[in-house]
Amino acid sequence: MPDVIEKAREAVHERAELPGMSLMEHLTELRSRLIHSAVALLIGFCVAYYWHEQLFNIVQRPMDQLHYQLNITHPTDGLNIYLKTALYGGAILAAPYILYQLWLFISPGMYKNEKKFVVPFMAATVALFFCGAYFGYRWVLPSALHVLIGEFGHRFNAIITIDEYTSFFTAIIFGLGITFELPILIFFLSLFGIVDAKFLVRHARYAILIIFVIAGIICPLPDPLSMCLFAAPMLVLYGLSIGVAYLAHPARRKKELPAGS
């Protein structure tokens, strides 16, 4: 780990020497990107609210399939849940534009040849998030509800509120969506020369251990086979991250580029 920290310091120092904007210009640029992102989120929220009932039907479907009833404990719970659903839906709709604003903000600290990754970055980020979200919605969430309520809670009368269920729903869906962004994180760490493929291979055993610990936490079933099934996508992502690190690391790309690029 000390060598990783040292590489991170070198990367920050190296890019600080790139010709770019002053501190005030950076702050002005940050404000502009935040305003653009907030406007996009507001527009996405308005669009999503138009279909808020259809969106909540998607959220509620795993409970309906198991014939569990959701409850409210406050008169405003129904309105609040539709607003939350529209906000999450609007954030997903606006995500590509918000990611583009993020890229525009960080691009001044990147070399010219690195800026060509904007389209692959956006496409991969959105695709990986949706893959993780679908994995959670299709397999993790229904299995968790079945085991936690149908098996461990079968002796009791389940009174599940809308607020509690949506919190559980978003934790799984967004949690797995973010977890599937591992190759994107590795891409940037490799792009800045902080980690490389050799580092990831050398520490693969620790990564595998952490992956199985995470799989054991999110897997609702106690048998090892189910845990392996939940760990499999993350193991594939780690393998993909090794390939990404190999392709994105500056040491490799400098061999393919003419001097001064």
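Computed from a predicted model, the values in this text were never measured in an experiment. (Residues numbered from 1 in each chain as written. Predicted model: local features only at pLDDT ≥ 70, side-chain atom pairs only at ≥ 80, totals over all residues. Heavy atoms only, no water.)

Attention now moves to the overall build of the protein. In terms of helices and strands, the protein carries eleven helices and two strands. Along the protein, from the amino end to the carboxyl end, the secondary structure elements read α-α-α-β-α-α-β-α-α-α-α-α-α. Across the 261 residues in the protein, those meeting the buried criterion constitute 37%. Restricting the contact set of the protein to residue pairs at least 6 apart, pairs at least 24 apart contribute 82%. Counting only carbon and sulfur atoms, one obtains 70% of the accessible surface of the protein, whose full area is about 15800 Å². (Helix = DSSP H or I, 4+ residues; strand = E, 2+ residues; numbered from the N terminus. Buried < 20%, exposed > 50% of the residue type's maximum accessible area, 1.4 Å probe, protein only. Contact = heavy atoms within 4.5 Å. Areas by Shrake-Rupley, 256 points an atom, 1.4 Å probe, with all protein chains shown as cover.)

What follows deals with the packing of aromatic side chains. Inspection of the entire model under this criterion finds 15 aromatic pairs. For the ring pair phenylalanine 56 and tyrosine 82, a centre distance of 6.0 Å and an interplane angle of 85 degrees mean the geometry is edge-to-face. Residue phenylalanine 56 is found in helix α3 (residues 52-65), and its partner tyrosine 82 is found in helix α4 (residues 77-106); the two are separated by 26 residues along the sequence. A residue is classified by how much of its surface remains accessible, and phenylalanine 56, at 7% relative accessible area, is buried. One aromatic cluster in this structure is built from Tyr88, Phe129, Phe130 and Phe174. (Phe/Tyr/Trp six-rings, centres within 6.5 Å; stacked < 30°, edge-to-face > 60°.)

Turning our eyes to something else, we now look at the environment of leucine 41. On the secondary structure map, leucine 41 appears in helix α2 (residues 23-50). Expressed as a C-alpha distance, the spacing of leucine 41 and alanine 91, which sit 50 residues apart in the sequence, is 5.7 Å. Residues within four places of leucine 41 in sequence aside, it is in contact with Leu87, Gly90, Ala91 and Ala94.

What follows is about the confidence of the model for the protein. Mean pLDDT over the protein: 84, with 85% of residues reaching 70 or higher. Mean pLDDT across the elements of the protein bottoms out in helix α1 (residues 2-16) (59) and peaks in α3 (94). (pLDDT = per-residue confidence, 0-100.)

Here the focus is a nonpolar patch on the surface. Judged by side-chain polarity, Ile35, Val39, Ile43, Val47, Tyr50, Trp51 and Leu93 come together as a nonpolar surface patch covering roughly 740 Å² of accessible area. Top element by residues in the nonpolar patch is α2. It accounts for five residues. Tracing the chain through its elements places tyrosine 50 in helix α2. Note on tyrosine 50: relative accessible area 64%, which makes it exposed. (Patch = residues over 30% accessible without salt bridge, like charges linked within 9 Å, V, L, I, M, F, W, Y side chains within 5 Å. Salt bridge = Lys/Arg side-chain N within 4 Å of Asp/Glu carboxyl O.)

Once that is clear, we can look at the packing of α3 against helix α5 (residues 118-151). Between α3 and α5, the least distance of the axes is 9 Å, while the angle of their chain directions is 45 degrees. By the criterion of interaxial angle, the relationship of α3 to α5 is oblique. Here α3 and α5 pass one another in a crossing that is right-handed. Contacts from Ile58, Arg61, Pro62 and Met63 of α3 reach α5 at Tyr137, Leu141 and Leu145. Grouping the amino acids of the contact of α3 with α5 by side-chain chemistry returns six nonpolar, no polar and one charged. (Axes fitted to C-alpha atoms, helices over the stretch in contact; angles between N-to-C directions. Parallel < 35°, antiparallel > 145°, perpendicular 65-115°, else oblique. Left-handed = near helix turned anticlockwise from the far one by under 90°. Nonpolar A, V, L, I, M, F, W, Y, C, P; charged D, E, K, R; others polar.)

If you walk through the whole model with that rule in mind, you get two salt bridges. Between glutamate 29 and arginine 33 there is a salt bridge, with the nearest N and O atoms lying 2.7 Å from each other. Here glutamate 29 and its partner arginine 33 are both found in helix α2, four residues apart, which amounts to about one turn of the helix. Residue glutamate 29 is classed as buried on the basis of its relative accessible area, which comes to 17%. With its nearest N and O atoms 2.7 Å apart, the salt bridge here joins aspartate 163 to lysine 84. Remark: lysine 84 occurs in helix α4 and aspartate 163 occurs in helix α6 (residues 162-179); sequence separation between them is 79 residues.

Looking now at the nonpolar core. The tendency in soluble globular proteins is for nonpolar side chains to be buried side by side. Counting residues in hydrophobic clusters, the biggest one holds 52 residues, and the most contacted among them are Leu70, Trp103, Phe121, Tyr165, Phe169, Phe187 and Phe188. When residues of this core are traced back to their parent elements, those giving at least two are α3, α4, α5, α6, α7 (182-191), α8 (197-202), α9 (204-218) and α10 (224-248). Look past the residues within four positions of phenylalanine 169 in its chain and what remains in contact with it is Val59, Tyr137 and Leu141. (Core = buried A, V, L, I, M, F, W, Y, C linked by side-chain atoms within 4.5 Å.)

Moving on, we get to unusual backbone geometry. A positive phi is found at histidine 67, a non-glycine position, where the angle reads about 60 degrees. Among the secondary structure elements, histidine 67 is positioned in the loop between α3 and β1 (70-71).

Exposure remark for arginine 33: the relative accessible area of 18% places this residue in the buried category. Filtering out sequence-adjacent residues up to four positions away, arginine 33 remains in contact with Gln101, Leu104 and Phe105.

Direction vectors running N to C along α4 and α5 enclose 145 degrees, while the axes themselves pass 10 Å from each other. Between α4 and α5 lies a crossing of right-handed hand. Residues Ile92, Pro96, Leu99, Tyr100 and Trp103 of α4 touch α5, and the partners they reach there are Val118, Phe121, Met122, Thr125, Val126 and Phe130. Looking at side-chain class alone, the contact of α4 with α5 contains ten nonpolar, one polar and no charged residues.

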